[in-house]
Amino acid sequence: MSSHVPLPQADLDAFLSRSPAWRVEAGALVRTYEAGTFLDGVAFVGRVARLAEAADHHPDIDVRWRKVTLRFVTHDAGNRITALDARLAAECDALFSAQTPVG
């Protein structure tokens, strides 16, 4: 499936049932992670940035102390959620789970 094609609702529902920490908010996939320390959160952002750059698909990232919120949406698909958004969201979950605390 092209990264510019909106994800069918059934596929989005399946992703959300497998990944309940994610939600749809204002048409984007959104999740807030809570790290152990501010530095752990910033380190996670660095890992997400490398993943996003490699995929040439960049989420909105908001850092508030130990909380990091990611928002994935594909602008080239009319600001809709695509398979690429869901794939990268799942990869971010794996990055966070594997993260070694900094502080």
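Please read all numbers here as calculations on a predicted model, not as lab measurements. (Residues numbered from 1 in each chain as written. Predicted model: local features only at pLDDT ≥ 70, side-chain atom pairs only at ≥ 80, totals over all residues. Heavy atoms only, no water.)

1. What about the side chain of aspartate 85?
And then number 1: Relative to the helices and strands, aspartate 85 resides in helix H3 (residues 83-98).
And then number 2: Buried and unpaired, aspartate 85 has no salt bridge, with arginine 80 as the nearest side chain of opposite charge at 9.3 Å.
And then number 3: Sequence-distant contacts of aspartate 85, defined by excluding residues within four places in its chain, comprise Leu29, His57, Phe72, Val73, Thr74 and Arg80. (Helix = DSSP H or I, 4+ residues; strand = E, 2+ residues; numbered from the N terminus. Buried < 20%, exposed > 50% of the residue type's maximum accessible area, 1.4 Å probe, protein only. Lys, Arg positive; Asp, Glu negative; His and termini not counted. Salt bridge = Lys/Arg side-chain N within 4 Å of Asp/Glu carboxyl O. Contact = heavy atoms within 4.5 Å.)

2. Brief notes about unusual backbone geometry
And then number 1: One non-glycine residue, aspartate 56, lies in the positive phi region at around 55°.
And then number 2: Of note, aspartate 56 is situated in the loop between helix H2 (38-55) and strand E3 (60-64).
And then number 3: The backbone phi angle of asparagine 79 is positive, close to 60°, even though this residue is not glycine.
And then number 4: Relative to the assigned elements, asparagine 79 resides in the loop between strand E4 (67-72) and H3.
And then number 5: Assessed through its relative accessible area of 45%, asparagine 79 is described here as partly exposed.

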